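Below are the chains, spelled out letter by letter.
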Amino acid sequence: MNTINQSGWRPTTPETCEGSTGTFTGNRALMLEEALIFEIGSTDTTGVEVAEPAEVASRLGGLARNTPIGLPGLSEPETVRHYTRLSRQNYAIDLGLFPLGSCTMKHNPRLNEKMARLPGFADVHPLQPVDTVQGALGVINELAVWLIELTGMHGVAMTPKAGAHGELCGILCIKAALDAKGEGHRKVILVPESAHGTNPATAAFAGYTVEDIPATAEGRVDVEALKARLGPDVAGVMITNPNTCGLFEREMRTISDAVHAAGGFVYCDGANFNAIVGRVRPGDLGIDAMHINLHKTFSTPHGGGGPGSGPVVLSKALSPYGPLPFTERHADGHITLVEEETVGDRHPHSFGRMCAFNGQMGMFTRALTYILSHGADGLRQVAEDSVLNANYILRSLEDTLAAPFAASGPCMHEAIFSDDGLPEGFSTIDIAKGLIDEGYHPMTMYFPLVVHGAMLVEPTETESKAALDQFIGALRSVAERAKAGDESLRSAPHFAPRRRLDETLAARKPVLVWKDPELAQAAE
Amino acid sequence: MRYFTEDHEWVDVDGDIGTVGITDYAQGQLGDIVFVDVPEEGKTVTKGDETAVVESVKAASDVYTPVSGRVIEGNAELADNPGLVNEDADGEGWFFKLTLSDPSELEGLMDEAKYEAFVAKL
Amino acid sequence: MRYLPLTQPDREAMLGVIGAETIDDLFVDVPAIAQLDGPIRDLPMHASELAVERHMTALARKNLTAGEAPFFLGCGAYRHHVPASVDHLIQRGEFLTAYTPYQPEIAQGTLQMLFEFQTQVARLLGTDVANASMYDGSTACWEAIGMARRVTKRGKAILSGGLHPHYVSVAKTMAKYTGDHLETSLPTLSVETDIDTLIAAIDDDTSCVVVQYPDILGRIADLRPLADACHAKKALLVAVVTEPVALGALKSPGEMDADIVVGEGQSIGVGLQFGGPYVGLMGCKEKYIRQMPGRFCGETVDAEGKRGFVLTLSTREQHIRREKATSNICTNSGLCALAFSIHMTLLGEAGLRALAATNHAGAVAAAERLAKVPGVELVNDAFFNEFTLKLSKEARPVVRALADKGILAGVSLGRLYPGADGLANGLVVAVTETTTSEDVETLASALEEALA
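It should be emphasised that the depicted structure is a prediction, and the values quoted were computed from it without experimental measurement.

1. Description of empty space enclosed by the protein
Then, number 1: This model, assessed by the stated rule, comprises eleven cavities of 30 Å³ or more.
Then, number 2: For the largest cavity, the calculated volume is near 120 Å³.
Then, number 3: Taken together, 15 residues line the largest cavity, and the ones lying closest to its centre are His-165, Leu-168 and Phe-205 of chain A together with Thr-139 and Trp-142 of chain C.
Then, number 4: Put simply, the parts of the chain that give the lining of the largest cavity at least two residues each are helix H7 (163-180) of chain A together with helix H6 (137-152) and helix H7 (165-178) of chain C.
Then, number 5: Broken down by class, the residue content of the lining of the largest cavity amounts to nine nonpolar, four polar and two charged.

The structure is reproduced here in structure tokens:
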């Protein structure tokens, strides 16, 4: 191994780094290569000071660790530098427009972060006596009230840990309700082809058989096909509205009525609630359960892949089956936590508990802060601006990129394009990677599955017109280069911290943990 | 004699032993294959059962057995070298061998010429 | 509204480009019955930062925070000191406001961090590999049971009575729908764990035994005989760790041949936060990786041969396998995993071992002090930083009475096991580096008074 400097860290593959950048370090000015902690740290180094232990006889029952763990440490300055350098290899909303359709990458207000860190919320234990956590329970209760109001539903389950966990909660409510009616033999959940993968995965996780419902040419659920499939074996449907093609399911009420008439329940995937919040109440469309991704509609940060939070609003028919625990506000303002200890016979039909403790409190605090900041007028404006921005992109680019549902009328909060019209050898991925070189995170690629080479663009309401105009210009330029057969796009990105990565190699020979190359070599 | 299914499996029959794989067309559609799960020896399968799994980076596909029978061998080579399916889908990249329990099932399958015509229309 | 950059002239110009008269034209597909004609009722109009901050701060003030009181709660969530740099670094916008790293060329920061996290977790748990996190310990525990079912193709899981009751509840909820059969039991206020009972219960239908280490009462037992007994019947051993700091002092479950190890990572870097978000840890033996739920980050190279990282083995996951996925999990606990990883890097092996030693010594001193209080009996022989006291009267009213005096005395087993008479006098007490000897004295005197 060729160690380049005495400070101990080494670039990843020195030969190619030197060759391609011509620098001694492999760095390119502000673009800094960073080795792994296992390469730069040591097990003797620590960045913390811990008080000396009191002198007592150990009571570890003969199980004291007697082998090294292999955890490298860094001093505080090295730690700060390591993670700061890593952070700079990430794209983020804070850097620019992040048009990832269906994922809703909107600005994360910093007031939310500040409020979540108030010690009164951040430094309380979930099992403290309820009298000592009235404020924390108050946050949960207040957010629950606004989620019910905003959706026009009857109840809400706050504990699900993320959107997919919320889906599971809704499906378990449906299952419990059917069992209670003696209809447990209903084993089929209908899911449109355009659904998020979590929908069928959730239904299967809960023991259901999943059947696809086709989409119409205009990008909506085929209502006739759905009606035809309803029957005594169908437990319910899972429908995303607005759907993943960016369209409102205008027959939603008809669908709900038909499903109810056939004895089933309607689950709505609320991933796209941000398009209608404050303007449309899902409860008015006859749905029975809908999860709300707090990170999509209510601006809690995505954090590079979570944590999420997926409260589920429930109809009157399903509310009795919701999970424990939940909060209950009494006339005197005191709030109790209804859990195993206190439930008694007040919530006898609950399907049970979904997670330890009380749900994603840190996300509740942020979401409540956001709701109160926007207020009733601001939330309505959120929906309107998100829809306006998406339609502006759709109409500005439909002359350049194929827009399969442009004729279906206005889109909601996201615009969908396809790879139709790109020359042989060019695909959606080339447009996406070209956008990276233009300084953007790509749109959602190849989803939903019902559109060939789908490009799903969701600008969100927190983009200015100037930001949209620049993005439209960039996407137009990349699309035109593709149409002109510009081969350089096929190897894009050229200017990112890494070029296209070899995913085949990663999957064929999985390397999921770091192994000391010298030890690994010795082992062979 | 080699027979084909509309799901792009092939089966080579020698006496009552069948060797099953996926077609070159199928491997081309899947792209770089990264993982293959083949059945264990002794497993009894019925025509149309999900008997093996083949995965590329972005897709997972079930392989349905074209005929019923009892598995006598899975291709152990594929565990270490799934790329063999890309390199030689028609030969070295076979998935499993089985003893046919009902050779009459072969009648419903396509021969090579028919399969080529079928693929040409896709 | 401060988060919305469009101006009214912008909106009008954009409507012009779209060819719409008003914003309402863009909502034509929404049936009239579902259209609200005005703002949501009762919800106030938009508010300034200052006004919102006042409202939230007033709510926060209604809580007794752990830092304000002598504090002894554990049972799955522990109060540890988190270095200031952890919270600073996770708030860098490039981490905080990034998405799941689906575009690896511009997400190497998150991906490299996840690779480091997976390695740290695997080494700590003693497993070959670890995934990129789960929601929390309780959901990871259920996922491990499901995974054991897929590996062994058997449907009976035996859950130790020492497993956190919330984790048991989650498993019971899910098992109702998946058809898994669970054998569960309550813990007893005794010095011995139920390892021998578990060993005797394993049979040819058993998919796995799930055991917590240290258990809900803080007890520790050697898992090796249990692992051997599981393997003799071709069942898996699932070990659950709710206090990862313990593994700085104790042998890891992986070392004792557990097949799947799951944990709650909250202790390292995350903070109490009234129960969430936390971070589920999950590791296993390499031969089982295809049955693991959740995301994996893996090493590879880019087109120029530079080392880089990508999400890999994705065909197990819902966005590809849909109804055949190993789990429906999508979003995990990325930012909490980052906090865990940063804190672990600051600690390093030396720091973690020192932290564990301080926790254990403090707990031993506290246990011995509290056991001297009349009416208090120490249940545990062995423990790490948490132990159970058997009081001479029911623990719940005692906990409440002490809370009224500003002392957060621990978790009463009556709260965790309502209706279980044999446990009602149990009080689980956790002691960490944040606990002072004055705190212990305060608790001792208050207990003495309450039990007199």
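Still more ground to cover, so stick around.
2. Things to note about helix H12 (residues 361-397) of chain A
Residues and elements named next belong to chain A.
Then, number 1: Look at H12: only 41 Å from first C-alpha to last across 37 residues, short of the 54 Å you get at 1.5 Å a residue.
Then, number 2: The largest bend along H12 measures about 95° and falls at Gly-375.
Then, number 3: Counting buried positions along H12 gives 34 out of 37 residues, so the element sits mostly inside the fold.

3. Quick notes on the sheet that holds strand S3 (residues 209-213) of chain A
All names here are of chain A.
Then, number 1: Across the sheet, seven strands lie side by side as S1-S7-S6-S5-S4-S2-S3; this open sheet has mixed pairing. The open sheet is flanked by strand S1 (155-157) and S3, the only strands paired with a single partner. Taking each pair of neighbouring strands and ignoring which way they run, the sheet shows an average axis angle of 25°.
Then, number 2: Relative to strand S4 (residues 234-240), strand S2 (residues 188-192) runs parallel, the two sharing three bridges.

4. Comments concerning the interface of chain A and chain C
Then, number 1: In this complex, chain A contributes 216 residues to the contact, which on the side of chain C involves 204 residues.
Then, number 2: Between chain A and chain C the total buried area reaches about 17,800 Å² when both faces are included, carbon and sulfur atoms providing 63% of it.
Then, number 3: Of all residues in chain A, the largest losses of buried area upon contact with chain C belong to Arg-59, Leu-63 and Leu-512 of chain A, amounting jointly to 5% of the total for that side.
Then, number 4: Linking chain A with chain C are 16 salt bridges, by the criterion used here.
Then, number 5: As a salt-bridge pair, Glu-33 of chain A and Lys-306 of chain C come within 3.8 Å of each other at their nearest N and O atoms.
Then, number 6: For the pair chain A and chain C, the number of links is 96 residue pairs in polar contact (both at pLDDT 80 or more).
Then, number 7: It is H12 of chain A that provides the largest number of residues to the side of chain A that touches chain C, a total of 29 residues.
Then, number 8: In the side of chain A that touches chain C, the residues fall into 108 nonpolar, 63 polar and 45 charged.

5. What about the sheet that holds strand S9 (residues 96-100) of chain B?
Backbone-to-backbone hydrogen bonds pair the strands of a sheet. The strands run either parallel or antiparallel.
All names here are of chain B.
Then, number 1: Read from one edge of the open sheet, six strands run S1-S2-S3-S9-S8-S5, paired in antiparallel fashion. Both edges of this open sheet fall to strand S1 (2-4) and strand S5 (44-45), since each of them pairs with a single strand only.
Then, number 2: Two strands pair when backbone bridges link them, and S5 and strand S8 (residues 69-74) are joined in this way by two bridges, in the antiparallel orientation. Paired with Thr-44 across the two strands is Arg-70, which belongs to S8.

6. Remarks on the packing of aromatic side chains
Then, number 1: This structure, assessed with the given rule, holds twelve aromatic pairs over all chains.
Then, number 2: For the ring pair Tyr-115 of chain B and Phe-118 of chain B, a centre distance of 6.2 Å and an interplane angle of 40° mean the geometry is tilted. Taken together, the positions of Tyr-115 of chain B and Phe-118 of chain B, both in helix H4 (residues 112-120) and three residues apart, correspond to about one turn of that helix.
Then, number 3: Each residue in the set Phe-298 and Tyr-370 of chain A together with Tyr-3 of chain C is aromatic and connected to the rest through ring pairs, giving one cluster.
Then, number 4: Across from the ring centre of Phe-27 of chain C, 4.1 Å away, lies the NZ or CZ of Arg-279 of chain A, which sits over that ring.

7. A few points about the confidence of the model for chain A
Then, number 1: With 95% of its residues at a pLDDT of 70 or more, chain A has an overall mean of 92.
Then, number 2: Across residues 1-19 of chain A the pLDDT falls below 50, and counting only partners more than four positions away or on other chains, this stretch makes 32 contacts in the model.

8. Structural notes on the pattern of salt bridges
Then, number 1: Going through the model one piece at a time under the given rule, you end up with 53 salt bridges over all chains.
Then, number 2: In this structure, Arg-290 of chain C engages Glu-55 of chain B in a salt bridge whose closest nitrogen and oxygen atoms are separated by 3.3 Å. One end of the pair, Arg-290 of chain C, is in the loop between strand S7 (280-284) and strand S8 (296-301); the other, Glu-55 of chain B, is in strand S6 (residues 50-56), on a second chain.
Then, number 3: Of the charged contacts in the structure, one is a salt bridge between Arg-353 of chain C and Glu-349 of chain C, with a shortest N-O distance of 3.4 Å. Here Arg-353 of chain C and its partner Glu-349 of chain C are both found in helix H11 (residues 334-370), four residues apart, which amounts to about one turn of the helix.
Then, number 4: For Glu-349 of chain C, a relative accessible area of 7% gives the class buried.
Then, number 5: Ionic contacts of the salt-bridge type, sharing partners, join the residues Glu-113, Arg-117 and Arg-366 of chain A together with Asp-87 of chain C into one network.

Rules of the game
- Within every chain, residues take consecutive numbers counted from 1 along the sequence as written.
- Chains and ligands are labelled sequentially in the order written, the chains with letters from A and the ligands with numbers from 1.
- Residues qualify for local features only when their pLDDT is at least 70, as the model is predicted, and side-chain atom pairs are given and counted only at 80 or more; totals for whole chains, interfaces and linings, by contrast, use all residues.
- Only hydrogens and water are set aside; all other atoms, that is, all heavy atoms of the structure, feed into the side-chain values.
- Of the two site types, the cavity is a set of points on a 1 Å grid over the protein atoms alone where a 1.4 Å probe fits but cannot get out, and the pocket is an open set with protein on both sides within 12 Å along at least five of seven lines, each lined by residues with an atom within 4 Å of a point.
- Grid points are joined across faces, edges and corners, and a volume is the space filled by probe spheres set on the points.
- Segments assigned H or I by DSSP are reported as helices when at least four residues long, segments assigned E as strands when at least two residues long, and all are numbered from the N terminus.
- Side-chain classes follow a simple rule in which Ala, Val, Leu, Ile, Met, Phe, Trp, Tyr, Cys and Pro form the nonpolar group, Asp, Glu, Lys and Arg form the charged group, and the remainder, Gly included, forms the polar group.
- Here the expected length of a helix is defined as 1.5 Å per residue gap, with one fewer gap than residues.
- The term bend refers to the angle at a residue between two fitted axes, each drawn through seven residues, those ending there and those starting there.
- With a 1.4 Å probe rolled over the protein chains alone, any residue whose accessible area is under 20% of its type maximum counts as buried; one over 50% counts as exposed, and the rest are partly exposed.
- Strands are treated as partners if at least two bridges between them are detected by DSSP.
- Here an angle of 0 to 180 degrees is reported between the N-to-C directions of two axes, which are lines fitted to C-alpha atoms, with helices fitted over the stretch in contact.
- Two residues qualify as a contact provided that any one of their heavy atoms is within 4.5 Å of a heavy atom in the partner residue.
- Accessible area that two parts lose when put together, with a 1.4 Å probe and added across both, is what the buried area reports.
- For salt bridges, the criterion is a side-chain nitrogen of Lys or Arg within 4 Å of an Asp or Glu carboxyl oxygen.
- Within 3.5 Å is the distance limit for a polar contact, defined as a pair of N or O atoms, with the added protein rule that one can donate a hydrogen and the other accept it, and that residues adjacent in sequence qualify only through two side-chain atoms.
- By convention, a stacked pair of Phe, Tyr or Trp rings (six-membered ring in the case of Trp) has centres within 6.5 Å and planes under 30 degrees apart, an edge-to-face pair has planes over 60 apart, and any other such pair is tilted.
- Whether a charge sits over a ring comes down to the Lys NZ or Arg CZ being within 6 Å of the ring centre and within 35 degrees of the ring normal.
- pLDDT expresses, on a scale from 0 to 100, how confident the predictor is about each individual residue.

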